[in-house]
Amino acid sequence: DAGVIQSPRHEVTEMGQEVTLRCKPISGHNSLFWYRQTMMRGLELLIYFNNNVPIDDSGMPEDRFSAKMPNASFSTLKIQPSEPRDSAVYFCASTTTPGGGELFFGEGSRLTVL
Amino acid sequence: KQEVTQIPAALSVPEGENLVLNCSFTDSAIYNLQWFRQDPGKGLTSLLLIQSSQREQTSGRLNASLDKSSGRSTLYIAASQPGDSATYLCAVLMTTDSWGKLQFGAGTQVVVTP
């Protein structure tokens, strides 16, 4: 398996623009997580899905952030409008649940908002 | 609220020495604990997963122990090599979060000098 695939790997945009990050989980995994990592705050869980259904989005910073999982093999995280403080590395991860299996991460999408 | 702490934040050792990395958690009601490795600019890679009923797990030069009652886990890396240089994170899954929502520590940055 190719692992968790994220795109784009790097994104530079200007404040106010819309940003869409994409994720393809590992085939057969039924849980998907979006994390954000910064030097100041470490890893923060934004939202997670189980069987394509959002379970907990309490980590989403504000209404400018939204996430969807239209099917088992694809998810998006959208920021509209983007702000400089959104600059971070955004990770997608997947696993099988329930059962607390290993969590597999993608390589991340590094976002810079100017 | 579960708090996961990793001390020290950074560690430097000469090649060949054994590495000892510590992880502590405040709530012992955990389902499992995972150790991850993160290389610069990369995602997290799962190293070892210890279920709450286990005392330790081993993989090659890596050994992780778990003492739930004292809220501690230790990752041992035998005969360290420069290639072991990375940030190591631990994460716990609470029994109340069977969906797989992990609580991460801030990580220990390890440098192994040749």
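It should be emphasised that the depicted structure is a prediction, and the values quoted were computed from it without experimental measurement. (Residues numbered from 1 in each chain as written. Chains lettered and ligands numbered in written order. Predicted model: local features only at pLDDT ≥ 70, side-chain atom pairs only at ≥ 80, totals over all residues. Heavy atoms only, no water.)

S.K.: Tell me what's going on with the overall build of chain B, and back it up with residues and numbers.
M.R.: Within chain B, the secondary structure is distributed over zero helices and 11 strands. Taken from the N to the C terminus, the helices and strands of chain B come in the order β-β-β-β-β-β-β-β-β-β-β. For chain B, whose C-alpha radius of gyration is 14 Å, the value lies close to the compact-globule estimate of 13 Å for 114 residues. Expressed as lengths along the three principal axes of its C-alpha atoms, the size of chain B is roughly 45 × 30 × 20 Å. Counting every position in chain B, which comprises 114 residues, the buried fraction comes to 44%. Of all intrachain contacts in chain B linking residues separated by at least 6 positions in sequence, the fraction that spans at least 24 positions is 54%. A total of about 5400 Å² of accessible surface is found on chain B, and carbon and sulfur atoms cover 49% of it. Each charge class in chain B was averaged separately, 8 positive and 9 negative side chains, and the resulting centres sit 5 Å apart. (Helix = DSSP H or I, 4+ residues; strand = E, 2+ residues; numbered from the N terminus. Rg over C-alpha atoms; globule rule 2.2 N^0.38 Å. Buried < 20%, exposed > 50% of the residue type's maximum accessible area, 1.4 Å probe, protein only. Contact = heavy atoms within 4.5 Å. Areas by Shrake-Rupley, 256 points an atom, 1.4 Å probe, with all protein chains shown as cover. Lys, Arg positive; Asp, Glu negative; His and termini not counted. Charge placed at Lys NZ, Arg CZ, Asp CG, Glu CD.)

S.K.: Give me the lowdown on unusual backbone geometry, citing residues and values where you can.
M.R.: That bond from A:Ser7 to A:Pro8 is cis: its omega, -10°, falls within 30 degrees of zero. Assignment of secondary structure puts A:Pro8 in the loop between strand E1 (5-7) and strand E2 (10-13). A cis amide bond links B:Ile7 with the next residue in sequence, B:Pro8, at an omega value of 5°. Tracing the sequence through the fold places B:Pro8 in the loop between strand E1 (4-5) and strand E2 (10-14). Look at A:Asn51: it is not a glycine, yet its phi comes out positive at around 50°. By relative accessible area, A:Asn51 is classed as partly exposed at 48%. Phi angles above zero are rare outside glycine, and B:Ala79 is one such case at about 45°. Assignment of secondary structure puts B:Ala79 in the loop between strand E8 (72-77) and strand E9 (86-94).

S.K.: Got a sec to walk through the environment of A:Tyr48? Specific residues and values, please.
M.R.: Along the chain, the position of A:Tyr48 falls in strand E5 (residues 42-50). Its relative accessible area of 3% is what places A:Tyr48 among the buried residues.

S.K.: Give me the pairing of E8(B): which residues, what numbers.
M.R.: All names here are of chain B. Where strand E3 (residues 19-25) and E8 come together, six bridges link them in antiparallel fashion. Its bridge partner being in E8, cysteine 23 is matched across the sheet by serine 73. Bridge analysis of strand E7 (residues 62-67) against E8 gives six bridges, and the strand direction is antiparallel. Note that in E8 the partner of leucine 66 across the bridge is serine 73. Between the end of E7 and the start of E8, which pair antiparallel, lie four residues, with glycine 71 showing a positive phi angle near 70°. (Pairing = 2+ DSSP bridges.)

S.K.: Break down the interface of chain B and chain A for me, citing the residues and quoting the values.
M.R.: Interfaces are often sized by the amount of accessible area the parts lose when they come together. If you look at the interface, chain B gives 21 residues, while chain A gives 23 residues. Here chain B packs against chain A, burying approximately 1700 Å² in sum over the two surfaces, 57% of which is carbon and sulfur. Joining chain B to chain A, the criterion identifies one salt bridge. Close ionic contact of B:Lys42 with A:Glu107 constitutes a salt bridge, the shortest N to O distance being 3.4 Å. Run the count over chain B and chain A and you get four residue pairs in polar contact (both at pLDDT 80 or more). Among the secondary structure elements, those contributing two or more residues to the side of chain B that touches chain A are strand E4 (30-38), strand E5 (44-51), E9 and strand E10 (102-104) of chain B. (Buried area = accessible area lost by both parts, 1.4 Å probe. Salt bridge = Lys/Arg side-chain N within 4 Å of Asp/Glu carboxyl O. Polar contact = N/O pair within 3.5 Å; in protein donor to acceptor, adjacent residues only side chain to side chain.)

S.K.: I'd like a description of the state of the cysteines, backed by residues and values.
M.R.: One pass over the structure, following the stated rule, counts two disulfides over all chains. Disulfide partner of A:Cys23: A:Cys92, at an S-S distance of 1.9 Å. Because the sign of the S-S torsion sets the handedness, a value of about -65° for the bond joining A:Cys23 and A:Cys92 places this disulfide among the left-handed ones. With a gap of 69 residues between them, A:Cys23 in strand E3 (residues 19-24) and A:Cys92 in strand E9 (residues 88-95) connect regions that are remote in the sequence. A relative accessible area of 0% places A:Cys92 in the buried class. The disulfide that involves B:Cys23 links it to B:Cys90, with 2.0 Å between the sulfurs. (Disulfide = S-S within 2.5 Å.)

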